[in-house]
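What follows is the residue order along each chain.
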Amino acid sequence: MSAAQGYLMAAMPDASLFNFPPTNEPKPLPPAPAAISIMRPFNIPDNIYQAALDPKVPLTIAVLYAVTAKALNKVNASRNKKPWAMSKTKLFFAFVVMHNVFLAVYSAWTFWGMLGGMRRSIVSPLGPGGIAAAADSLCRLHGPPGLGSSLYFNDTSSRWDSADPNALLSSLDGRQPGSSQMGRIWNEGLNYYGWIFYLSKFYEVLDTFIILAKGKFSSTLQTYHHAGAMLCMWAGMRYMSAPIWVFVLVNSFIHALMYTYYTLTAFSIRVPMVVKRTLTTMQITQFVVGASYAILHSFVTYVAPITVTKIVTETINPPVAAADTAMPIAIGALDSLKKFIFGSAALDSVALGAVKEPAPVTETSFVVQPCISTANETFAIWLNVLYLAPLTYLFVSFFIASYVKRSSANNKITGKTNRRLSNVTLAEKAGWDAARGIEREVYGGEDMVNGHANAHIEAIEEENEPVLTKTNGRTRRKA
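The chain appears in an unreviewed UniProt entry as Elongation of fatty acids protein from Metarhizium rileyi. Per its UniProt entry, the chain bears the Sequence similarities (unreviewed entry) comment "Belongs to the ELO family." Here is the UniProt Subcellular location (unreviewed entry) comment for the chain, exactly as written: "Membrane".

A. Main features of the overall build of the chain. On a plain count of helices and strands, the chain comes out with 15 helices and nine strands. A buried classification covers 44% of the 479 residues belonging to the chain.

B. Expanded view of the confidence of the model for the chain. Looking at the chain, pLDDT values average 80 and 75% of them are 70 or higher. With pLDDT under 50 throughout, residues 451-479 is counted as low confidence; its partners more than four residues away or in other chains account for 50 contacts.

C. Just the packing of aromatic side chains, in detail. Applying the stated rule across the entire model yields 21 aromatic pairs. Measuring from ring centre to ring centre gives 6.5 Å for Trp109 and Tyr192, while their planes differ by 65°; the resulting arrangement is edge-to-face. A residue pair is termed long-range when its members are at least 10 positions apart, and Trp109 in helix 3 (residues 90-121) and Tyr192 in helix 6 (residues 186-203) qualify at 83 residues. In this pair, the class of Trp109 matches that of Tyr192, namely buried. Between Trp234 and Tyr239, the aromatic rings sit 5.6 Å apart at their centres with planes inclined by 75°, giving edge-to-face as the arrangement. Here Trp234 and Tyr239 have matching classes, each one buried. Grouping aromatic residues by their ring pairs yields a cluster made of Phe42, Phe102, Tyr106, Trp109, Tyr192, Tyr193 and Tyr203.

D. Highlighting the nonpolar core. One finds Met114, Trp186, Leu190, Trp195, Tyr198, Met237 and Trp245 to be the most contacted residues of the largest nonpolar core, which totals 59 residues. The residues contacting Tyr198, other than those within four sequence positions of it, are Ala52, Leu53, Val57, Pro58, Met230, Met233, Trp234 and Met237. Counting 10 residues, the second largest nonpolar core, distinct from the first, contains Ala133, Cys139, Tyr302 and Cys371.

E. Fine view of the environment of Tyr198. Its location among the elements puts Tyr198 in helix 6. In the structure, Tyr198 is positioned 36 residues away from Trp234 in sequence and 6.3 Å away in space, judged by C-alpha atoms. At a separation of 2.7 Å, a polar atom in the side chain of Tyr198 contacts the main-chain carbonyl oxygen of Ala52.

F. Focus on the packing of helix 3 against helix 6. At a minimum axis distance of 9 Å, the contact between helix 3 and helix 6 shows a crossing angle of 160°. Judged by the angle between their axes, helix 3 and helix 6 are roughly antiparallel. The hand of the helix 3/helix 6 crossing is left-handed. Where helix 3 approaches helix 6, its residues His99, Phe102, Leu103, Tyr106, Trp109, Thr110, Gly113, Met114, Gly117, Arg120 and Ser121 are matched on the opposing element by Glu188, Gly189, Leu190, Tyr192, Tyr193, Ile196, Phe197, Ser200 and Tyr203. Classifying every residue of the contact of helix 3 with helix 6 gives 11 nonpolar, seven polar and two charged.

What counts and how
- Residue indices follow the written sequence of each chain, beginning from 1 at its first position.
- In keeping with the predicted nature of the model, local features appear solely for residues at pLDDT of at least 70, side-chain atom pairs appear and are counted solely at 80 or more, and the whole-chain, interface and lining totals rest on all residues.
- In computing side-chain values, all of the structure's heavy atoms are included and hydrogens and water are not.
- UniProt positions are given in the numbering used here, feature names are shortened, and annotations may be inferred rather than shown by experiment.
- Helix and strand definitions here come from DSSP, where helices need a minimum of 4 consecutive H or I residues and strands a minimum of 2 consecutive E residues; each element is numbered from the N-terminal end.
- Residue exposure (1.4 Å probe, protein chains only): buried if accessible area is under 20% of the type maximum, exposed if over 50%, otherwise partly exposed.
- pLDDT measures the predictor's confidence residue by residue and takes values from 0 up to 100.
- Contact definition: two residues touch when any of their heavy atoms are within 4.5 Å.
- Any two rings among Phe, Tyr and Trp, with Trp reduced to its six-membered ring, count as a pair given centres within 6.5 Å; such a pair is stacked if its planes are under 30 degrees apart, edge-to-face if over 60, and tilted if neither.
- Residues belong to a common nonpolar core when they are buried Ala, Val, Leu, Ile, Met, Phe, Trp, Tyr or Cys residues joined through side-chain atoms within 4.5 Å.
- N or O atoms within 3.5 Å of each other form a polar contact, as long as, within protein, one can give a hydrogen and the other can take it, and as long as residues adjacent in sequence are counted only when both atoms are side-chain atoms.
- The angle between two axes is taken between their N-to-C directions and runs from 0 to 180 degrees, where each axis is a line fitted to C-alpha atoms and a helix contributes only its stretch in contact.
- Should an angle fall under 35 degrees it is taken as roughly parallel, and over 145 as roughly antiparallel, whereas 65 to 115 is taken as roughly perpendicular and any remaining angle as oblique.
- The crossing is said to be left-handed when, going from far helix to near helix, the turn is anticlockwise and less than a right angle, and right-handed when the turn is clockwise.
- Three residue categories are used. Nonpolar comprises Ala, Val, Leu, Ile, Met, Phe, Trp, Tyr, Cys and Pro, charged comprises Asp, Glu, Lys and Arg, and polar comprises the others, including Gly.

In structure tokens:
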């Protein structure tokens, strides 16, 4: 491979990348067995790995979850939102705490494992290969490291391919990437942590049943969120789509903080409001940033310099002797003698000329590489984008409604005192209100802790949220 720098460019994706429905090729590549450790507590058998990524698994569980949540909503409505008896027991409280602790620890474990894999596989844009090498390490999940050396599935030929002929030699039996070949995101951890993270989406539906056990309703948005997360993580892992790493890495980090917060509040530990606001903002920001990042993959193309070394051999023709009547007779006699002693090979070397020592010759060509190479990867990307679109739309709607409401109320109240809030302040508060509204609808908010903590949290928010009050007939803001 050459150290020459490639370059990045924007391009419209090929129409063939939007074929639907997705095919069964290629099969997801399971992780290779490894030594047992804290970061690799068990190995995943290949048959279980493949079976869990069968499309019937997430579809069946998502449908059962949605139907059950809807049915229990009706049960709670018929009971006038009366909490279930079990929700007031110490055992239920212990379960909620352990649930939050487990998800906090598990999410932190996933984040740390993914972070290590990313650090080993992502190339710095300031390195020899430049930004093209960084894009290559983010876009292409398989094969040996190095700009242009990736192995990718070719939809046209239905086989694994590479821009670098030398990289194909490292593939497993020349058919697919080897599971033990390190240097790119998939084998460095995404195939392991991403698969377990996909399964964790099934466990997370217990959030909904905790809320239902308290006699509350599970919102349609929350059901949509959990069911959609199952399908999106399935698509990303099943079709080994490059952007799925960002959802595993970022979402696990957010969940580690979020479930730690729920655990603390369950014990009525006061958490500063700035922490709560930051966490809620991060929860919503991941939707917008994640979707935007995923979309970019379809429009990014980079050019990689591919250097191939070939072995070239040359032959040297014998010189033609000057015309001489005695020369043909002498040569004929000499040839006959050589043939009698050494065989015909001696004559062949004279006829064909002397063979020169093989010499290596390097050739460099620039190959255009689209970030996304298969229709299946494209399907996974746009499924995630479509899933996140309603959440983004609701956030914008909540933001606009809150901003307009705050602005109108502020103009009426502060008009006489000339203490109008700046647009920046209004936008900041509107953004917080919108994020908090989405967070409560999607995650259940403070319903993930016990009832006593609910009141405690509401008291904190009331104490820290500025409100308008009247004193001696004058309107002022309470700090």
